[in-house]
Amino acid sequence: MFVEFNNICPKCGERVRGYIDYLDSSTQEGDEYTKNKVECNFKEANKCTRNECPFFQKAHQTIKV
């Protein structure tokens, strides 16, 4: 599951487009997804990691469906 974003990045000050990848972590109790990684069009240029990414940090840890 991918959750897209398109906004101004507070870290680099540029408009970025990207997504947060969520892995299926469903159990018998229900369907849910856990955040895994982040990708954006400025990630390589700015040497960003998911721990530094404001979009990744603000995203929900799990999404229940």
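Because the structure is a prediction, the values reported are computed rather than measured.

**Q** Describe the packing of aromatic side chains, with residues and values.
**A** The geometry of two aromatic rings is summed up by the distance between their centres and the angle between their planes. Taken as a whole and judged by the stated rule, the model has two aromatic pairs. A ring pair is formed by Phe 2 and Tyr 19, whose centres lie 4.8 Å apart and whose planes are at 85°; its orientation type is edge-to-face. Placement of the pair is Phe 2 in strand S1 (residues 2-8) and Tyr 19 in strand S2 (residues 15-24), with a sequence separation of 17 residues. Residue Phe 2 is classed as exposed on the basis of its relative accessible area, which comes to 54%.

**Q** Help me get a handle on the pattern of salt bridges, residues and values and all.
**A** Under the criterion given, the structure shown has three salt bridges. Glu 52 serves as the salt-bridge partner of Lys 11, at 3.1 Å between the closest nitrogen and oxygen. Here the residue Lys 11 occupies a position in the loop between S1 and S2, and Glu 52 occupies one in the loop between helix H1 (43-46) and helix H2 (54-58), the gap between them amounting to 41 residues. Of the residues examined, Lys 11 reaches a relative accessible area of 42% and is grouped as partly exposed. You can call Glu 52 partly exposed: its relative accessible area is 41%. With a closest N to O distance of 3.8 Å, Lys 64 and Glu 32 form a salt bridge. Here Lys 64 is found in strand S4 (residues 62-64), whereas its partner Glu 32 is found in strand S3 (residues 32-40), with 32 residues between them in sequence. Judged by its relative accessible area of 66%, Lys 64 falls in the exposed class.

**Q** Any chance you could break down the side chain of Asp 21 for me, citing the residues and the numbers?
**A** By the secondary structure assignment, Asp 21 is in strand S2. In this structure Asp 21 is buried but unpaired, with Lys 37 as the nearest side chain of opposite charge at 4.7 Å. Residues contacting Asp 21, with those up to four places away along its chain left out, are Met 1, Phe 2, Thr 34, Lys 35, Asn 36 and Lys 37.

**Q** I'd like a rundown of the sheet that holds S2, residues and numbers included.
**A** The strand order across the open sheet built from four strands is S1-S2-S3-S4, with neighbouring strands paired in antiparallel fashion. The sheet is open, and its two borders are formed by S1 and S4, each paired with just one other strand. Adjacent strand axes in the sheet meet at a mean angle of 35°, parallel and antiparallel pairs treated alike. Note: S3 against S4, three bridges, orientation antiparallel. Bridging from a neighbouring strand, Glu 32 pairs with Lys 64 of S4.

Rules used in this analysis
Residues numbered from 1 in each chain as written. Predicted model: local features only at pLDDT ≥ 70, side-chain atom pairs only at ≥ 80, totals over all residues. Heavy atoms only, no water. Phe/Tyr/Trp six-rings, centres within 6.5 Å; stacked < 30°, edge-to-face > 60°. Helix = DSSP H or I, 4+ residues; strand = E, 2+ residues; numbered from the N terminus. Buried < 20%, exposed > 50% of the residue type's maximum accessible area, 1.4 Å probe, protein only. Salt bridge = Lys/Arg side-chain N within 4 Å of Asp/Glu carboxyl O. Lys, Arg positive; Asp, Glu negative; His and termini not counted. Contact = heavy atoms within 4.5 Å. Pairing = 2+ DSSP bridges. Axes fitted to C-alpha atoms, helices over the stretch in contact; angles between N-to-C directions.

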